[in-house]
Amino acid sequence: MIELNDLPLRDELKGVRPYGAPQLDVPVRLNTNENSYPVPDEVVDAIAKAVQGELRELNRYPDRDAVALRADLAGYLGHGLTGANVWAANGSNEILQQLLQVFGGPGRTALGFTPAYSMHPLITTGTGTRWVDGLRAEDFSLSVEHALAQVRKHRPDVVFLCSPNNPTGTAMPMDVIEAVAAEAPGMVIVDEAYAEFARPGTPSALTLLPVYPRLVVTRTMSKAFALAGARLGYLAAAPAVVDAVQLVRLPYHLSALTQAAARAALGCAETLLGTVEAIKAQRDRIVAELGSRGLAVAASDANFVLFGGLADSTAVWRRMLDHGVLIRDVGLPGWLRVTAGTPEETDAFLAALDRSLS
Ligand SMILES: *Cc1c(COP(=O)(O)O)cnc(C)c1O
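Here the structure is a predicted model, which means the values were calculated and not measured.

Re the overall build of the chain
When helices and strands are counted, the chain shows 12 helices and 12 strands. The C-alpha radius of gyration of the chain comes to 20 Å, within 12% of the 21 Å expected for a compact globule of 358 residues. Within the chain, the proportion of its 358 residues that are buried is 52%. Of all intrachain contacts in the chain linking residues separated by at least 6 positions in sequence, the fraction that spans at least 24 positions is 74%. For the chain, the accessible surface area stands at approximately 16100 Å², while carbon and sulfur atoms represent 53% of it. Treating the 31 positive side-chain charges of the chain as one cloud and the 39 negative ones as another, the clouds have centres 4 Å apart.

Shown next, in the form of structure tokens:
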């Protein structure tokens, strides 16, 4: 039988491994930063009704430009944005891919600062773009000086900033984002997948959009909105950026069912986002509990916590799994990442951790 490596793969894909967070059937799953709370009945009913309303017309293609959904998303974001500033796709990963298809590609370069979201380099190489890793400091921070030095050195066509950053959890200081946006010769993408979980007083890069026309902010309904299974991500940017991604998007990429479900969910935004404060409380509890155990803990503005000081993090990850708790080994030796969910999940996580460390 033919093996993967026998196929005439594009050179830059040879030896690459696919995105592969384990999807295991264990009692407590805290490894992909999903919202642990199921969709409330009221929202289930609203989505079911909206989807039902589309079914008879599934013989027709959906609105290719998702105009109504984009207006709703702009209304949710505020900041004076309109549907012309917003574009939607099947998860923010598809948004990122479309952006790289337009602004990256062969002969072009994308710069990121790892540890950050593992999909940024994967989408970069997947679109034939060269990935340059600007790296963060040992303590995972990113200074204005370092970021600017990397931008000046590599003159990237695309810069990825992730704030709050996955997997470290910490929001990026606004002066870093602003300095990069002012200096970068190409597009600057700020991945704000976890914006709704940020600690009070954390500004969004949305506030910078009027000043920096090549700035793009990406968001998702997969985390705070508890809709990871629906696949709905979006961007906010200058209207010209929305025109640009339309050059590469597949026609009718966003199904009528997805558009209807997302609009119905946005109509229940307050209910859906009702779990955010409870999740933040568990996050802060995890940070405090891990700190009191003498572990290193990164400050978190997200629904997860990165903790370190583990002699053998892979062994701890494995023992946690044996105790029925799946967390994430993000490939940083000595560190592991755990999603903040329900109080019961935190109880189970802490109990399993204590057993795994002893
Ligand atoms: C989870 C996550 C996303 C979300 O991706 P979707 O495709 O919208 O589900 C995007 N960026 C980061 C940094 C994430 O952690």
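This is not the end of the story, as more comes after the structure.
Re the site of the ligand
Ser92, Tyr194, Thr220, Ser222 and Lys223 are the nearest of the 13 residues found near the ligand. Between the ligand and the protein, one listed contact pairs an oxygen atom with a side-chain N or O atom of Asn166 at 2.8 Å. A distance of 2.6 Å separates an oxygen atom of the ligand from a polar atom in the side chain of Ser222. Looking at the shell around the ligand residue by residue, the classes come out as 4 nonpolar, 6 polar and 3 charged.

Topic: the UniProt feature "domain: Aminotransferase class I/classII large" (unreviewed entry) in the chain
In the numbering adopted here, UniProt assigns the feature "domain: Aminotransferase class I/classII large" (unreviewed entry) to residues 28-353. Annotation note: span residues 28-353, helix share 39%, strand share 14%, distance between end C-alpha atoms 13 Å.

Notes on the packing of aromatic side chains
Using the criterion set out here, one finds 6 aromatic pairs in the structure. Ring geometry for Tyr76 against Phe225: centres 5.1 Å apart, planes inclined by 75°, an arrangement best described as edge-to-face. Here Tyr76, found in helix α2 (residues 67-77), pairs with Phe225, found in the loop between β7 (215-220) and β8 (233-236); they are 149 residues apart in sequence, far enough to count as distant. Taking NZ or CZ as reference, Arg337 lies 5.4 Å from the ring centre of Phe304, over its face.

Re helix α4 (residues 119-126)
Along α4, the positions that sit buried rather than exposed are Met119, His120, Ile123, Thr124 and Thr125. Looking at the residues trailing α4, positive phi occurs at Gly128, about 75°.

Overview of the environment of Thr207
Within the secondary structure layout, Thr207 lies in the loop between β6 (187-191) and β7. The spacing of Thr207 and Met174 is 33 residues in sequence and 10.0 Å in space, taken between C-alpha atoms. A polar contact of 2.7 Å, which involves the side chain of Thr207, links it to the backbone oxygen of Ser204.

Points about the sheet that holds strand β12 (residues 336-339)
The 3 strands are arranged β9-β10-β12 in an open sheet whose pairing can be described as antiparallel. Both edges of this open sheet fall to β9 (296-297) and β12, since each of them pairs with a single strand only. By the bridge criterion, 2 bridges tie β9 to strand β10 (residues 304-308) in an arrangement that is antiparallel. Of the residues in β10, the one forming a bridge with Ala296 is Gly308. Each of β9, β10 and β12 is contacted by helix α10 (residues 276-292), which is oriented at about 10° to β10, the strand it contacts most.

A few points about the nonpolar core
Counting residues in each nonpolar core, the largest one holds 52 residues, and the members touching the most others are Leu69, Leu73, Leu161 and Met221. With 6 residues, helix α6 (residues 174-183) is the largest single contributor of residues to this core. Discounting chain neighbours no more than four positions away, the residues touching Leu161 are Phe113, Leu142, Met172, Ile177, Val180, Val188, Ile189, Val190 and Asp191. Among the nonpolar cores identified, the runner-up in size contains 31 residues, and Val28, Met320, Leu321 and Leu353 belong to it.

Conventions used here
Residues numbered from 1 in each chain as written. Predicted model: local features only at pLDDT ≥ 70, side-chain atom pairs only at ≥ 80, totals over all residues. Heavy atoms only, no water. Helix = DSSP H or I, 4+ residues; strand = E, 2+ residues; numbered from the N terminus. Rg over C-alpha atoms; globule rule 2.2 N^0.38 Å. Buried < 20%, exposed > 50% of the residue type's maximum accessible area, 1.4 Å probe, protein only. Contact = heavy atoms within 4.5 Å. Areas by Shrake-Rupley, 256 points an atom, 1.4 Å probe, with all protein chains shown as cover. Lys, Arg positive; Asp, Glu negative; His and termini not counted. Charge placed at Lys NZ, Arg CZ, Asp CG, Glu CD. Near = heavy atom within 4 Å. Polar contact = N/O pair within 3.5 Å; in protein donor to acceptor, adjacent residues only side chain to side chain. Nonpolar A, V, L, I, M, F, W, Y, C, P; charged D, E, K, R; others polar. UniProt positions renumbered as here; feature names shortened; annotations may be inferred. Phe/Tyr/Trp six-rings, centres within 6.5 Å; stacked < 30°, edge-to-face > 60°. Lys NZ or Arg CZ within 6 Å of the ring centre and 35° of its normal. Pairing = 2+ DSSP bridges. Axes fitted to C-alpha atoms, helices over the stretch in contact; angles between N-to-C directions. Core = buried A, V, L, I, M, F, W, Y, C linked by side-chain atoms within 4.5 Å.

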